[in-house]
Amino acid sequence: MLYSIIADTYEKIEETTKRLEITDHLVELFKKTDPNLIDKVVYLTQGKLYPDYLGVEIGVAEKLAIKAIGFATGRDLESIEKIYKKVGDIGLAAQEVIKERKQTTLFKEPLTVERVYETLDRIAKTSGPGSIDAKLKLISSLLNDATPKEARYIVRTIVGELRLGVADYTVLDALAIAYTYDKNNRPLLERAYNLSSDLGAIAKTLAKEGLNGIRKFRISLGKPVRPMLAERLETAQEIVEKLKGRCVAEYKLDGERIQIHKDKKIVTLFSRRLENITHHYPDVIELVKRNIKADRVIAEAECVAVNLDTGELLPFQELMHRRRKYEIEEAMKAYPVSLFFFDILYLNGEDLTQKPYYERREILEKIIIKDDRVRVVQSLKSNDPKEIEKFMEQAISDGCEGLVIKDMDSTYRAGAREFSWIKLKREYRSELKDTLDLVIVGAFHGRGRRAGKYGAFLLAAYDKDADVFRTVCKVGTGFTDEDLEKFPDILAPYKISHRHGRVDSKLEADVWFIPQIVIETIAAEITISPVHTCCIDAIRKDSGLALRFPKYTGKIRYDKSPEDATSAEEILKMYKSQLKKIEKEAESEVI
Ligand code: ATP
């Protein structure tokens, strides 16, 4: 098949912004394409060689492309760069230079799609020493035989700037029309796409086997399934009504969604956008091998940064360090993660997506070995909005974003955003700017590196009116090894066998103290909490206020008596004065 057919189609597509016209041009192109080649034509049309999840990029730098244009045409680089500056697009620059090429009488062979694809594939797979030269030769060999128009699209493709604006769903429409003469067959194709994330494979199957082949598409290990997404409603009441009371509320953790494919010893991880992110998380791979009790599984989990010594969840920004700052090995140590499983799609050859949610959850519970690094996400089966609101408060103060409330009977709807999963996020945030001086009233035994020491402390604010200390957070973050060594000695004189009479706490600490030692803490926010007693009933009945993501600053305030600690009244004032409505857009950032 001649590459000029593709180039002509691209030109027509570029000339319109109307989706229907783009679809028509694609239909025409697909009809002219041999079934053996259709997958490649589909990938090329989206500026790719393979489905995204394989992560193969052509990735040629502009500089090298310019060099190759010079190599193929004999033009000096400076003049090519000048043209590029003038036209502002590398493809158009290539077209112009090739047009002006003095026609040496060398034999020119018309370019075929097969040759273009194969050469681009070799360029993508060439690496290591000498690869630049090899790529240069490969690109210029194509440009040598290219017409100006073909050069425009070849060069745009190799530098990753084809950008025809052909959406996945437009391709599916065009395939349905080209091969079945009926756009209404698109949902069938869409289903196959949601299960396989591979438009090329769908095109080829359709071209060769028709709709019967498409109906046989199943989810399979190694191919990411397009994720099921959540709708949003404002209140627990509305959600319970929408789901007719058949609901399970789950913690909505604030981490990275990972689709885990375990095929015995081979583990592959895909992101929310279906990129292969296996190499970001060697530790997750180990956890999956260790904690999933089945050979072949596709499951979904939220990966969250944690403080391993205390089990506290850390803010989303901590996880992002895994992407940026350090080498993977270092990042793994500095920013450890936990996995919270929330769904299972496939088990040992069986597609589970058609099973109702509650059955999938039961299966998940059976095959996950739970420990301090791996868990099944915390959930509450309830049709009582009040109870769900309490669970929501607890989720927020535990460091979550809110809840995802799920229809118990829903199948796994790959690629769909529907009301089978409904997110409930908080509407208000009360940011905390000042530090707080709080009293240590209890402690919890440490684990891991903190075994044998205190792992976290229960802190309280002073309630002047009642002359009691009411708990406001549990803090385990911000302590150095040295701090952890010295705190048992500092607190020893105040250790008692039971909760002190002036301490009001719903939590049961492992060790209790006479309120005496005051430490300085910072936190991201003040939030409503069903667990803590500070300002209980002041904002909501039976709930208090708590610190979200608290952290010890390193200062013990020996200069303050416990009654000088930050008062409950001050905390209430801070909560009210900083309370702001959360902008919806800011909350829905995709990672
Ligand atoms: P999108 O819905 O497009 O993913 P988003 O990234 O803003 O947008 P939200 O819509 O806010 O995400 O919520 C859905 C995301 O919540 C999931 O993709 C997943 O990463 C995360 N999540 C956390 N906990 C759960 C849970 N228990 N069940 C399902 N998803 C969860």
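Along each chain, numbering runs from 1 in the same order as the chain's sequence is written. With the structure being a predicted model, the display of local features is reserved for residues of pLDDT at least 70 and the display and counting of side-chain atom pairs for 80 or more, all residues being used for whole-chain, interface and lining totals. To get the side-chain values, all heavy atoms of the structure are used, and hydrogens and water are removed first.

Draft legend 1. The packing of helix 5 (residues 77-87) against helix 6 (residues 90-100), seen in detail. It is at 8 Å that the axes of helix 5 and helix 6 come closest, and there the two elements cross at 130°. On the basis of the axis angle, helix 5 is oblique to helix 6. Note that helix 5 runs across helix 6; the crossing there is right-handed. Note on element contacts: helix 6 touches helix 5 through Ile90, Leu92, Ala93, Glu96, Val97 and Glu100, opposite Ile80, Ile83, Tyr84, Lys86 and Val87. Axis definition: a line fitted to C-alpha atoms, over the contacting stretch in the case of helices. Angles run 0 to 180 degrees between N-to-C directions. Strands here are runs of E lasting at least two residues and helices are runs of H or I lasting at least four, both read from the DSSP assignment and numbered beginning at the N terminus. Note on terminology: angles under 35 degrees are roughly parallel, angles over 145 are roughly antiparallel, angles of 65 to 115 are roughly perpendicular, and the others are oblique. Left-handed is the label given to a crossing in which the near helix is rotated counterclockwise from the far helix by less than a right angle, and right-handed is the label when the rotation is clockwise. Whether two residues are in contact is decided by their heavy atoms, any of which lying within 4.5 Å being enough.

Draft legend 2. The nonpolar core, seen in detail. Remark: nonpolar core denotes a set of buried residues (Ala, Val, Leu, Ile, Met, Phe, Trp, Tyr, Cys) joined through side-chain atoms within 4.5 Å. Exposure is judged per residue with a 1.4 Å probe applied to protein chains only, and the accessible area is read against the type maximum: over 50% gives exposed, under 20% gives buried, and values in between give partly exposed. Phe30, Leu120, Leu143, Ile158 and Leu189 are the most contacted members of the largest nonpolar core, which has 73 residues in total. In terms of residue count, the dominant contributor to this core is helix 12 (residues 199-215) (seven residues). Excluding its chain neighbours within four sequence positions, the residues that come into contact with leucine 120 are Leu44, Leu49, Ile58, Leu142, Thr157 and Ile158. Grouped together as the second largest cluster of nonpolar side chains are 38 residues, Cys247, Ile396, Val404 and Tyr412 included.

Draft legend 3. Main features of unusual backbone geometry. Positive phi is not limited to glycine here, since lysine 264 has a value of about 50°. Mapped onto the elements of the fold, lysine 264 is located in the loop between strand 3 (256-263) and strand 4 (266-270). The backbone phi angle of cysteine 535 is positive, close to 60°, even though this residue is not glycine. Residue cysteine 535 is classed as buried on the basis of its relative accessible area, which comes to 9%.

Draft legend 4. Layout of the side chain of aspartate 407. In this fold, aspartate 407 is placed in strand 10 (residues 402-407). Buried within the structure, aspartate 407 lacks any salt-bridge partner; arginine 246 is the closest side chain of opposite charge, at an N-O distance of 5.9 Å. In protein, a polar contact requires one atom able to donate a hydrogen and another able to accept it; more generally it is a pair of N or O atoms within 3.5 Å, and residues adjacent in sequence count only if both atoms are side-chain atoms. A polar side-chain atom of aspartate 407 sits 2.8 Å from the main-chain amide nitrogen of aspartate 409. If sequence neighbours within four positions are ignored, aspartate 407 has contacts with Leu243, Arg246, Tyr357 and Ser420. The charge count treats Lys and Arg as positive and Asp and Glu as negative. His and the chain ends do not count. A side-chain nitrogen of Lys or Arg and a carboxyl oxygen of Asp or Glu constitute a salt bridge if their distance falls within 4 Å.

Draft legend 5. How the structure looks around the sheet that holds strand 2 (residues 247-252). Spatially, the five strands line up as an open sheet ordered 1-11-10-2-9, and their pairing is mixed. The open sheet has two edge strands, strand 1 (229-232) and strand 9 (379-381), and neither has a second partner. The average angle at which neighbouring strand axes cross in this sheet is 35°, direction not considered. Examined bridge by bridge, strand 10 and strand 11 (residues 417-425) share five bridges and lie antiparallel to one another. Looking at strand 11, one finds that leucine 403 is bridged to leucine 424. Against the sheet, helix 17 (residues 357-367) engages strand 2, strand 9 and strand 10, with an angle of about 50° to strand 2. The strands touched by helix 18 (residues 385-397) are strand 2, strand 9, strand 10 and strand 11; relative to strand 10, the strand with the most contacts, the crossing angle is about 135°. Two strands qualify as a pair provided that DSSP identifies no fewer than 2 bridges between them.

Draft legend 6. The arrangement of the sheet that holds strand 21 (residues 544-548) in detail. Ordered in space as 21-20-12-23, the four strands form an open sheet in which the pairing is antiparallel. Looking along the sheet, the strands with just one partner apiece sit at the ends: strand 21 and strand 23 (579-581). The sheet shows a mean angle of 45° between the axes of neighbouring strands, taken without regard to direction. As defined by bridge partners, strand 20 (residues 525-529) adjoins strand 21 across five bridges and the pair is classed as antiparallel. Bridge assignment links glutamate 525 to a residue of strand 21, and that residue is arginine 548. Across the sheet, helix 18 touches strand 20 and strand 21, and the angle it forms with strand 20 is around 150°.

Draft legend 7. Molecular detail of the domain arrangement of the protein chain. Split by domain assignment, the protein chain resolves into domain 1 (229-423) and domain 2 (436-582). Distance from the C-alpha centre of domain 1 to the C-alpha centre of domain 2: 30 Å. At the interface, 18 residues of domain 1 touch 22 residues of domain 2. Two parts placed together each lose some accessible area; with a 1.4 Å probe, that loss summed over both constitutes the buried area. Across the domain 1 to domain 2 interface the summed buried area is about 1,500 Å²; carbon plus sulfur atoms make up 48%. Three residues stand out in domain 1 for area buried against domain 2, namely Asp309, Glu393 and Ser397, and they jointly supply 38% of the buried area on that side. Inspection of the region where domain 1 meets domain 2 yields three salt bridges. Glutamate 393 is paired through a salt bridge with arginine 540; the nearest N and O atoms lie 2.7 Å apart. Viewed at the interface, domain 2 and domain 1 are joined by 12 residue pairs in polar contact (both at pLDDT 80 or more). Among the residues making up the side of domain 1 that touches domain 2, the classes are represented as six nonpolar, six polar and six charged. Domain delimitation in this document rests on an assignment produced automatically or drawn from a domain database. Residue polarity is assigned by list, with Asp, Glu, Lys and Arg as charged and Ala, Val, Leu, Ile, Met, Phe, Trp, Tyr, Cys and Pro as nonpolar; anything else, Gly included, falls into the polar class.

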